[in-house]
Amino acid sequence: MGAHARFSPSAANRLIHCPPSLVLGEAFQDEESPYAAEGSAGHALAEHLIKKHLKQQTRRPVSDYYSDDLLEAVDDYVSFVVGEIEAARKECPDPIFSVEQRVDVSDYVPDCFGTADMVIVTDKLVHIIDLKLGKGVPVYAEKNPQLMIYGLGVLEIAEMLFPVETVRLSIFQPRLSNSSTWEIAPKELKAWGDEVLRPAGELALKGEGNLSAGSWCRFCKAKAVCRKRAEYNLELAKYDFEMPDTLE
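Each chain has its residues counted from 1, running along the sequence as written. Selection of residues for local features in this predicted model requires a pLDDT of at least 70, selection of side-chain atom pairs for listing and counting requires 80 or more, and totals for whole chains, interfaces and linings are taken over all residues. Values reported for side chains reflect all heavy atoms of the structure, with hydrogen atoms and water molecules removed beforehand.

Engineer: How should I be thinking about the overall build of the protein in this particular structure?
Structural biologist: Secondary structure is summarised from DSSP: a helix means a run of H or I of at least four residues, a strand means a run of E of at least two, and numbering begins at the N terminus for each. For the protein, the helix and strand inventory stands at seven helices and five strands. In sequence order, the secondary structure elements of the protein are arranged as α-α-α-α-β-β-β-α-β-β-α-α. Since a compact globule built from 248 residues should have a radius of gyration of about 18 Å, the 20 Å found for the protein is in line with a globular shape. Residue burial is assigned from relative accessible area. The probe radius is 1.4 Å, only protein chains are included, and a residue is buried under 20% of its type maximum, exposed over 50%, and partly exposed in between. Per-residue burial over the protein gives 43% buried out of 248 residues. Contacts in the protein between residues at least 24 apart in sequence constitute 69% of all its contacts with a sequence separation of at least 6. Accessibility throughout is a Shrake-Rupley quantity obtained with a 1.4 Å probe, and a residue counts as covered only by protein chains that appear here. Accessible surface, the protein: about 14400 Å² in total, of which carbon and sulfur atoms supply 51%. C-alpha atoms define the radius of gyration, and 2.2 Å times the number of residues to the power 0.38 defines the globule rule. Any pair of residues with heavy atoms lying within 4.5 Å of one another is described as a contacting pair.

Engineer: What is the right way to read the layout of surface pockets from this model?
Structural biologist: Where empty space is left becomes clear once a probe the size of a water molecule has been rolled over the atoms. Points on a 1 Å grid, built from protein atoms alone, make a cavity when a 1.4 Å probe fits but cannot get out and make a pocket when they are open with protein on both sides within 12 Å along at least 5 of 7 lines; residues with an atom within 4 Å of a point are the lining residues. Grid points are joined across faces, edges and corners, and a volume is the space filled by probe spheres set on the points. In this structure, the second largest pocket spans a volume of roughly 200 Å³. Taken together, 13 residues line the second largest pocket, and the ones lying closest to its centre are Gln101, Val119, Val121, Val154 and Ile157. If you list the elements that add at least two residues to the lining of the second largest pocket, you get strand S1 (96-104), strand S2 (113-121) and helix H5 (145-158). Sort the elements by how many residues they give to the lining of the second largest pocket and S1 lands first, with six residues. Note on residue classes: Ala, Val, Leu, Ile, Met, Phe, Trp, Tyr, Cys and Pro are nonpolar, Asp, Glu, Lys and Arg are charged, and everything else, Gly too, is polar. Its residues placed into classes, the lining of the second largest pocket shows eight nonpolar, three polar and two charged.

Engineer: What is the right way to look at the side chain of Lys132 in this model?
Structural biologist: Note on placement: Lys132 falls in the loop between strand S3 (125-131) and H5. Judged by its relative accessible area of 18%, Lys132 falls in the buried class. The definition of a polar contact used here is a pair of N or O atoms within 3.5 Å, where within protein one atom must be able to donate a hydrogen and the other to accept one, and adjacent residues in sequence count solely through side-chain atom pairs. Within the structure, the side chain of Lys132 is placed 2.8 Å from the side chain of Gln146, a separation counted as a polar contact.

Engineer: What's the story with the packing of aromatic side chains in this structure? I'm lost.
Structural biologist: Each aromatic ring pair is specified by the distance between its two centres and by the angle formed by the two planes. Two aromatic rings, drawn from Phe, Tyr or Trp (for Trp, its six-membered ring), form a pair once their centres lie within 6.5 Å of each other, and the interplanar angle then sorts them: stacked below 30 degrees, edge-to-face above 60, tilted otherwise. Overall, the coordinates contain two aromatic pairs when judged by the stated rule. On the basis of an interplanar angle of 55° and a centroid distance of 6.1 Å, the ring pair of Tyr77 and Phe172 is categorised as tilted. On the criterion of sequence distance, the pair formed by Tyr77 in helix H4 (residues 68-91) and Phe172 in strand S4 (residues 166-173) is long-range, its members being 95 residues apart. Of the two residues, Tyr77 and Phe172, neither departs from the other in class, the shared state being buried. Ring centres of Phe80 and Phe172 lie 5.0 Å apart, and the angle between their planes is 20°; on these two criteria the pair is classed as stacked. Within this pair, whereas Phe80 is found in helix H4, its partner Phe172 is found in strand S4, the two being separated by 92 residues in sequence. In this structure Phe80 comes out as partly exposed when scored by relative accessible area, which is 23%. Of the residues examined, Phe172 reaches a relative accessible area of 12% and is grouped as buried. Connected via pairs of aromatic rings, a cluster forms that spans Tyr77, Phe80 and Phe172.

Engineer: Explanation requested: the packing of helix H3 (residues 34-53) against H4 in the structure shown.
Structural biologist: Packed helices, taken two at a time, are described by the angle their axes make and the gap between the axes. As a packed pair, H3 and H4 sit with axes 9 Å apart at the nearest point and diverge in direction by 40°. For H3 against H4, the interelement crossing comes out right-handed. Taken together, the residues of H4 that come into contact with H3 (itself represented by Glu38, Gly42, Leu45, Ala46, Leu49, Ile50 and His53) are Leu70, Leu71, Val74, Asp75, Tyr77, Val78, Val81, Val82, Ile85, Glu86 and Arg89. Per-class residue counts for the contact of H3 with H4 are 12 nonpolar, two polar and four charged. As a rule, the C-alpha atoms of each element are fitted with a line to give its axis, helices using only the stretch in contact, and angles between N-to-C directions run from 0 to 180 degrees. In this scheme, a crossing is called left-handed if the near helix is turned counterclockwise away from the far one by less than a right angle; it is called right-handed if the turn is clockwise.

Engineer: Please clarify how helix H6 (residues 186-206) should be interpreted in this entry.
Structural biologist: Think of an α-helix as turning once every 3.6 residues; residues three or four places apart then point the same way. If you check H6, its first and last C-alpha atoms are 29 Å apart, about what 21 residues at 1.5 Å a residue would give, namely 30 Å. Where H6 bends most, at Gly193, the angle is about 35°. Regarding H6, the residues found buried are Pro186, Leu189, Trp192, Gly193, Leu197, Ala200, Gly201 and Ala204. Check the buried side of H6 and you find it contacts helix H1 (12-17), helix H2 (21-25), H5, S4 and strand S5 (178-184). Taken from the residues just after H6, Gly207 is the one with a positive phi, measuring 75°. What a helix should span is 1.5 Å times the count of its residues minus one. A residue's bend is the angle separating two fitted axes: one through the seven residues that end there, the other through the seven that start there.

The values are spatial; any link to function lies outside them.
Shown next as structure tokens:
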């Protein structure tokens, strides 16, 4: 298994809508942008601060990306997570906390794994918390494929220990003052995994299925050469230049 998953949870929304984009994009090299590098630095600092609160061994990371703006965003996120940790301690005598937890979902899609920023497990609840440090597009927890994949992976382990009743998914996006939480029953989450994720993964890994353009194209490496996306953009442009019904 390589360092990066072929079917990455972070790309799941695109791969579910447009399965062939996986193989199409593999023809292009991965290039880390400054925004991604800053995000990685922010996540590393958040991991350190949460582990410090949990009294786990950790060392403060160092980065040239640590601006006042980023530090403030990370502090806001850590405060939110600490609040959830303390709430879990009140609800359950022996909760489980895991920071930057590797999650494997290969039972649904081969070579599908990722890292959940924060995992909280109590006797009745699995809570996945995801930090988004982007300033551009708001991201929401409801029916978020990336978080649902993490939920499936954590649920598989948690149900060996507890009779989990709810999977809670949270997005925390401090730079846009955006946070949201969504809950789903384990049975419904597993049904999504079987009915949506599994067939999409099978098509994507083979490079099969239909190309489909939409908002999910934003981070596709093949978007510059994709005919379907060009047609989609052309169709949108028609509305911008559509003739009005009346003259002014």
